[in-house]
Amino acid sequence: MAEIQKLEALEILDSRGNPTLAVTVTLNDGVKATAKLPSGASTGKREAVELRDGDKTRYGGKGVRKACAYVEGEIQSAVRGMDSGDQAALDARLCSLDGTPNKVRLGANAILGVSLAAARAAALERGVPLYAYLGNGTEFLLPTPMLNVLNGGRHADNSVDFQEYMVSPVGAPSFQEGLRSAVETFYALKSILHAEGLSTAVGDEGGFAPQLKSNEQAVEVILEAIHKAGYKAGEDIAVMLDPAASEFIDNGSYVFAKSDNSRRSPSEMIAFYKDWLQRYPEIWSLEDGMGEEDRAGWQQITKELGDRIQLVGDDNFVTNAALFREGIRDHIANAILIKLNQIGTVTETLECIAIAKGNGYGAVISHRSGETDDTSIADLAVATRVGQIKTGSASRGERIAKYNRLLEIERELGTKARYAGATPYTRWTGSHKPAEALVK
Ligand code: PGA
Ligand code: ZN
C-alpha cells in the first residue's frame, strides 16, 4: 500500500462564505486526493473543536490559517511514511498527536481533513470508489434522503422555531425515483408559498424560509405540497423534523422565541410532540426533540415515543462513541445522527455507526449547515448501509452535489443497487420493535 508523502492545506470558503480547509494528501506513488470540510451553526457543546484563528482582522476571526499550518507542519511530520490504507492506525496517530479529548489543540478540522483525504487517496490508489473502500466492498445500500425543504431556527431569519422540516421519499422504488418525488414536492411547496405571498428565498440548507404564522403551519404547507405534487403523505413521502431543541431551551424551559414566545416544561414539550404525532402520523422521525443537556427529558421522550417513531440524537451524542454508549445505557433516543466533523476522524465515525448497528439504533449520515462541494458523505452512507442521509434541500450546489453523487453511485452499482426506502423505519411502522440495547 502506498505511503503518505505530502500534506497540503488551503484556506477555502464554505457555503456561508466562512473559511474552511481543503486538505490534499499525496501518496508516494503520485496519487493525490482532497477533502473539503463542512462546518455547523447549531453545534453541540461537546463536539470536537473546530480551530479558528481568532484574528479579528481576517474574516472576523474565522480564518483557519493555524489549522492549515498544523496540517502542513506538525501533522505532516507525524504521518509522513504511514500506510495510507491503514485508516485506523492513521487516525489513532492523529488523535494521540493532538493529545486532547476534543481535538482542541490541532483542531478537528485539521485532523478530519487529513483523515478523510487519506481515505479518499487510499481508495483512488486501490482503484475503487470511496463507497467500496469504506464498506465491505460487496454490499451497498442507497440511503433514503431527508430533504430539508423548510428551514427555521438558527438556519433562517424567519418566524419558525424548529430548525428543519424534511420530506423523505420512503415509498419510492429507487433512489432516483425517490429523489424525483421529493424534488417535485419542493417545486409544489414553492408554488404554494408563492401563491400565498410568502417568500421563496432559501435558508442555509437550501429549504425555503418563509415568515409562517406558526411552527404548525410549516407541517401543514408541507403536507399540502406532498399532495399537490401527486404523492401520498406517510406512504410515498414521510415528514421528518429536526427542531434542534438545544437552540430554544432557556433555563430548563423550551421557548418558542421566534414565533409566539410560548414556554414549555420538558413534559409539556413532549406532550406537544405527542399531540403533533397524533394529528400528523406522517411524521416518522424526530431529531433533537429535546435539548442536549436535558437528560431526563430525553429519557422521558424515549420512553413515551421511542416505540412509535425514530428519535435521533444529534447534539447530545455528537458522533462521540463514549457519549453515545452512555446514552444507550440511559435509554436515550433510538437513532444517532452521524457527522464526521463532530468527532474528527473517519475511524471514530465508523465506530459510532457500528455501535448503532450493534444496539438496534438507527443511524443517519448528515451534512452540516455550512458545506462545500465535497461528496464523501454520499459514499459513506452507501458504504455503511445505514439507509438514511440528510443533506439539504433541492437547491444550493453544495447540497445537490451529494444527491448527484448518489445518483452516480446508483447507476454505477446497476443491478447491485438497492434502495433503503421505508426499511429503516419498519421497526416503528410495522410490528417489529427495536432490539434491546446491548452496548459493546
Ligand atoms: P448544523 O445543524 O450543521 O448547523 O450544526 C445541522 C443539524 O442540527 O442537524
Ligand atoms: Zn440536528
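Position numbers for residues count from 1 along each chain, tracking the sequence in the order it is written. Starting at A for chains and at 1 for ligands, labels are handed out in the order in which the entities are written. Only residues with pLDDT of at least 70 are given local features in this predicted model, and only at 80 or more are side-chain atom pairs given and counted; all residues enter the totals for whole chains, interfaces and linings. Processing note: side-chain calculations cover all non-hydrogen atoms of the structure and skip hydrogens and water entirely.

Undergrad: Describe the pattern of salt bridges, with residues and values.
TA: Oppositely charged side chains can form a pair if their charged atoms are brought close together. What counts as a salt bridge is simple: a side-chain nitrogen of Lys or Arg found within 4 Å of a carboxyl oxygen of Asp or Glu. On inspection of all chains with the given rule, the structure shows 30 salt bridges. Between Arg 16 and Asp 204 there is a salt bridge, with its nearest N and O atoms 2.7 Å apart. Placement of Arg 16 in the loop between strand S1 (4–13) and strand S2 (19–27) and of Asp 204 in the loop between helix H5 (175–195) and helix H6 (215–228) is noted, with a sequence separation of 188 residues between them. Each residue gets one of three labels from its accessible area relative to the maximum for its type: buried under 20%, exposed over 50%, partly exposed in between, using a 1.4 Å probe on protein chains only. Residue classification places Arg 16 among the partly exposed residues on the basis of a relative accessible area of 26%. You can call Asp 204 buried: its relative accessible area is 18%. Put simply, Glu 371 and Lys 402 hold a salt bridge, and the shortest N to O gap is 2.8 Å. Pair noted here: Glu 371 is in the loop between strand S13 (362–366) and helix H12 (376–384) and Lys 402 is in helix H13 (residues 397–413), with a separation of 31 residues, a long-range link. Given a relative accessible area of 5%, Glu 371 falls into the buried group. Residues joined by salt bridges that share partners form a network here, namely Glu 164, Asp 242, Glu 287 and Lys 390. Put simply, DSSP H or I for four residues or longer makes a helix, DSSP E for two residues or longer makes a strand, and each gets a number counted from the N terminus.

Undergrad: Quick rundown of the domain arrangement of the chain? Include the residues and the values.
TA: As far as domains go, the chain holds domain 1 (4–127) and domain 2 (144–438). Taken together, the 33 residues of domain 1 in the interface contact 31 residues of domain 2. Interface area lost by domain 1 to domain 2 is led by Ser 15, Ser 42 and Arg 46, which between them contribute 24%. Summed over the shared surface of domain 1 and domain 2, the number is 5 salt bridges. Across the salt bridge formed by Lys 103 and Glu 348, the nearest N and O atoms sit 3.0 Å from each other. Under this definition, polar contacts are N or O atom pairs within 3.5 Å; protein pairs additionally need one hydrogen-donor-capable and one acceptor-capable atom, and for neighbouring residues in sequence, both atoms have to be side-chain atoms. One can count 23 residue pairs in polar contact (both at pLDDT 80 or more) joining domain 1 with domain 2. Breaking the side of domain 1 that touches domain 2 down by element, the ones donating at least two residues are S1, strand S3 (32–36), helix H2 (87–98) and helix H3 (108–126). Domain delimitation in this document rests on an assignment produced automatically or drawn from a domain database. In what follows, a contact means two residues having at least one pair of non-hydrogen atoms within 4.5 Å. What gets called buried area is simply the loss in accessible area from a 1.4 Å probe that two parts show on being joined, summed for both.

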